[in-house]
2 protein chains.
Amino acid sequence: MNATRRQAVPAVTPPSDDELYGITELAQEYGISLRAIRFYEDKGLLAPRRINGGRAYTRRDRVRLGLILRGKAVGMSLAEIEHILSLYGDHGEGHATQLEYLVGRIDATMTELDTRRRHIEAMLGELGEVRSQLKKALAAKRRLGKG
Amino acid sequence: MNATRRQAVPAVTPPSDDELYGITELAQEYGISLRAIRFYEDKGLLAPRRINGGRAYTRRDRVRLGLILRGKAVGMSLAEIEHILSLYGDHGEGHATQLEYLVGRIDATMTELDTRRRHIEAMLGELGEVRSQLKKALAAKRRLGKG
DNA sequence: CCGAGTGCTTACGTTAACGTCAACATGGTT
DNA sequence: AACCATGTTGACGTTAACGTAAGCACTCGG
């Protein structure tokens with residue numbers, strides 16, 4: 001897939017900047033609608049630069065979008081996701097107490113996620129039991145019908 | 001709480017039946033609203049008997065409600081939950097092919113849940129990294145400020 | 001028999017998370 | 001200049017999952 005990777009790019013690529021992506025690129029890449037992406041922006045989850053009126057997304061933006069979708073897959077609301085995304089900021093210059101605060105928020109988020117995971121594991125366990133019950137019933141039927 | 005439990009019940013209790021619960025009992029027990037419980041019924045997730053016009057829930061119904069809430073905690077929609085609840089039915093008399101089918105559905109559901117769990121674990125991993133980054137930054141600051 | 005309490009139904013309101021549609025603006029191509 | 005693809009901003013529609021409110025029925029203690 002990456003075999004087509006010489007320096008064939010038309011040479012007009014601005015040298016200082018990272019690669020930028022259009023909105024449709026992102027939409028296709030992640031299999032979501034343009035509307036959804038703009039919606040996330042409305043909600044403050046994304047803030048792409050504007051180039052000539054259009055939205056231009058950096059790698060960081062792509063990562064953020066990935067986190068958004070992962071959050072959704074996990075069952076979080078956009079509000080919760082926004083909450084989490086704020087933990088992924090720069091904090092390069094953060095004051096100590098601010099960093100402590102962030103760590104606290106992260107810990108809280110992690111325990112919430114852990115709770116959710118435990119719920120899932122419980123369901124998996126219960127489903128496993130149901131499954132083996134069914135298997136037992138099936139085996140019994142087969143002993144009657146074939147043995 | 002259950003200390004008031006002689007056979008003081010007015011004697012009109014039909015002898016054949018298991019214990020039944022009222023809707024408010026369930027609501028309080030699970031900390032949800034009456035409206036929510038009736039809503040789940042509207043959606044076909046619950047089907048309590050009617051006694052004298054009122055809803056009467058059996059232990060099985062309580063279990064189902066528990067599963068519903070667990071499903072919600074996991075981030076599933078009511079539709080998905082309904083899908084799963086159907087796997088918990090009686091199947092006592094099920095035909096063999098029917099049972100096979102159910103096992104298949106259960107397997108599918110389990111892999112879906114597993115996917116979700118993996119998503120959660122991924123997020124937990126990433127958050128853990130962010131957390132340790134912050135910790136490092138904090139330690140550095142402390143070395144500057146205090147050491 | 002009456003009022004309080006409990007429950008039921010019907011209907012409308014609400015929030016989140018988008019989808020859909022209309023009406024432009026722009027940039028490149030022919 | 002005409003056209004088309006791509007993109008933008010509203011505005012309105014929609015679905016899920018309830019909450020809230022109104023009004024009727026039943027039942028039980030006094």
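Residues numbered from 1 in each chain as written. Chains lettered and ligands numbered in written order. Predicted model: local features only at pLDDT ≥ 70, side-chain atom pairs only at ≥ 80, totals over all residues. Heavy atoms only, no water.

Between chain B and chain A, the residue contacts involve 42 residues of the former and 42 residues of the latter. Summed over both partners, the interface of chain B with chain A comes to about 4200 Å²; 75% of that surface belongs to carbon and sulfur atoms. Linking chain B with chain A are eight salt bridges. Put simply, B:Arg142 and A:Glu100 hold a salt bridge, and the shortest N to O gap is 3.3 Å. Counting across the chain B and chain A interface gives eight residue pairs in polar contact (both at pLDDT 80 or more). (Contact = heavy atoms within 4.5 Å. Buried area = accessible area lost by both parts, 1.4 Å probe. Salt bridge = Lys/Arg side-chain N within 4 Å of Asp/Glu carboxyl O. Polar contact = N/O pair within 3.5 Å; in protein donor to acceptor, adjacent residues only side chain to side chain.)

Further remarks concern the protein's contact with DNA strand D. Around DNA strand D, a shell composed of 17 residues is seen, among which A:Thr24, A:Arg55, B:Ser33, B:Lys72 and B:Leu78 lie nearest. Each atom of DNA strand D within 4 Å of the protein belongs either to a base or to sugar and phosphate, the latter forming 73%. B:Arg35 has a polar side-chain atom sitting 3.1 Å from a base oxygen of DNA strand D. In this structure, B:Tyr40 approaches DNA strand D through a side-chain N or O atom, which is 3.1 Å from a phosphate oxygen. Of all elements in the fold, only α1 (23-30), α2 (34-42) and β2 (54-56) of chain A together with α2 (34-42) of chain B reach the threshold of two or more residues within the surface near DNA strand D. (Near = heavy atom within 4 Å. Helix = DSSP H or I, 4+ residues; strand = E, 2+ residues; numbered from the N terminus.)

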